[in-house]
Amino acid sequence: MERLFHIGMIQMPVNQDTAVNLEYIENSIASLMGGFRKPELIIGVESISSFTPESIPGSITEYFGKLAKKYGIYLIPGTICEKSDDLPEGKYYNTAPIFNPKGELIEYYRKMAPWRPAENMVAPGKRYVIFDVPEKRTKIGVQICYDLNFPEISRNETLMGAEVLVKLTLDPQELYLLNRPIHFARALENQAFLVSTNGVGFHHGAHLCGHSMVISPQGNLLWEAGETESVAVITLDLNEVSRCREQGTMFIEHYLQHVRDYAFPMPFAENIKQAPLFQTLKQVPECKIDTPTEEVEKIKQHLIDFMEKRK
């Protein structure tokens, strides 16, 4: 049976003003839904609410839930700063909320690997997240930026049943050539689609490199954006995942089958700090990006005004 899945991707500039980002995403969704090929899942980028931490659920998730329901789509609009009672003052999670076509918040993923030292204010999440798309008989794994650099995260989401690995990113130009091959490796070793979105333009003194991309389970580049604003709809043939996992990549390599067969030992899985490497390796120094209090308050007020207009 055919399993074609249309993915809408938003490659956008990330403004420090949250309301500006929300409006940009809303307009981009409308543009994507106005095309002849309607996306069934739309994905944004990392850090769309840099200076307006909010609880989940909250006003921002309510806003995106209405958009998901309006268009009848699955939606991962981007990542927001999540306030939580289990964190100390000044700390938050970098979290991607996930909505179904009814507008319901069905899951949320907290970034497990904050990019140190720049994200010292971000607490790491502790839970792998996949979600079901029953209409396509598939599962989607969600990651945020630096998470992709750690193969354990992709592998565990794959073992939980993910056929598509989605990554929301905010990568600067300096990391483009360094990280590009990792996307292909994660798709190949997990025999999964890898869907990566990134921001563009200047953000906190960095030039975001764009180059959102989609990689097939066989390691083929299906689509890659440039360095400018872009929206696109890419169709995934999910049966390609089944073929690769059952019959081998290129009908030769049975990566996941052999993960089961070999059951590699992981002696430090439960106590990584005891590994000999970490007895001598020094910690990364701390770093913090400060924004004037008055600027933060201005951004918060603009968001409040924006939400009032959308009610």
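The coordinates are above.
Everything numeric here is computed off the predicted structure, so don't read it as measured data.

Quick look at the overall build of the chain
- Secondary structure assignment for the chain yields 7 helices and 14 strands.
- Taking 2.2 N^0.38 as the reference for a compact globule, 311 residues should give roughly 19 Å; the C-alpha atoms of the chain span a radius of gyration of 19 Å, in line with that estimate.
- Its C-alpha atoms give the chain principal-axis dimensions of roughly 60 × 55 × 35 Å.
- Evaluated residue by residue, the chain yields a buried proportion of 50% over its 311 residues.
- The long-range fraction of contacts in the chain, counting pairs at least 24 apart against all pairs at least 6 apart in sequence, stands at 69%.
- Working note: accessible area of the chain is about 15,500 Å², and carbon and sulfur atoms make up 55% of it.
- Taken as two groups, the 32 positive and 40 negative side-chain charges of the chain have centres that lie 3 Å from each other.

Overview of the nonpolar core
- Ile 76, Val 195 and Leu 236 are the most contacted members of the largest nonpolar core, which totals 32 residues.
- Beyond its immediate stretch of four places on either side in the chain, Ile 76 contacts Leu 41, Ile 42, Ile 43, Gly 44, Ala 96, Pro 97, Ile 98, Phe 131, Val 142, Val 166 and Leu 168.
- The next biggest cluster of nonpolar side chains, apart from the first, holds 27 residues, and it includes Tyr 63, Ile 80, Leu 170 and Leu 208.

Remarks on the pairing of strand β11 (residues 206-209)
- The pairing of strand β10 (residues 200-203) with β11 spans 4 bridges and is antiparallel. Residue pairing for β11: Gly 201 is matched across the bridge by Leu 208.
- In sequence, β10 turns back onto β11 through a hairpin of 2 residues, with His 204 there showing a positive phi of about 50°.

A look at unusual backbone geometry
- Residue Pro 57 is bonded to the preceding Ile 56 through a cis peptide linkage, with omega at 0°.
- With respect to the element layout, Pro 57 can be found in the loop between β2 (41-54) and α2 (59-71).
- Its identity as a non-glycine residue notwithstanding, His 211 has a phi of 55°, on the positive side.
- Here His 211 is to be found in the loop between β11 and β12 (213-215).
- A positive phi angle, near 45°, is found at Ala 263, a position not held by glycine.
- For Ala 263, a relative accessible area of 54% gives the class exposed.

Observations concerning the state of the cysteines
- Per the counting criterion, the structure on display carries 0 disulfides.
- Cys 81 takes part in no disulfide bond, and the closest cysteine sulfur, belonging to Cys 145, lies 14 Å away.

Rules of the game
Residues numbered from 1 in each chain as written. Predicted model: local features only at pLDDT ≥ 70, side-chain atom pairs only at ≥ 80, totals over all residues. Heavy atoms only, no water. Helix = DSSP H or I, 4+ residues; strand = E, 2+ residues; numbered from the N terminus. Rg over C-alpha atoms; globule rule 2.2 N^0.38 Å. Buried < 20%, exposed > 50% of the residue type's maximum accessible area, 1.4 Å probe, protein only. Contact = heavy atoms within 4.5 Å. Areas by Shrake-Rupley, 256 points an atom, 1.4 Å probe, with all protein chains shown as cover. Lys, Arg positive; Asp, Glu negative; His and termini not counted. Charge placed at Lys NZ, Arg CZ, Asp CG, Glu CD. Core = buried A, V, L, I, M, F, W, Y, C linked by side-chain atoms within 4.5 Å. Pairing = 2+ DSSP bridges. Disulfide = S-S within 2.5 Å.

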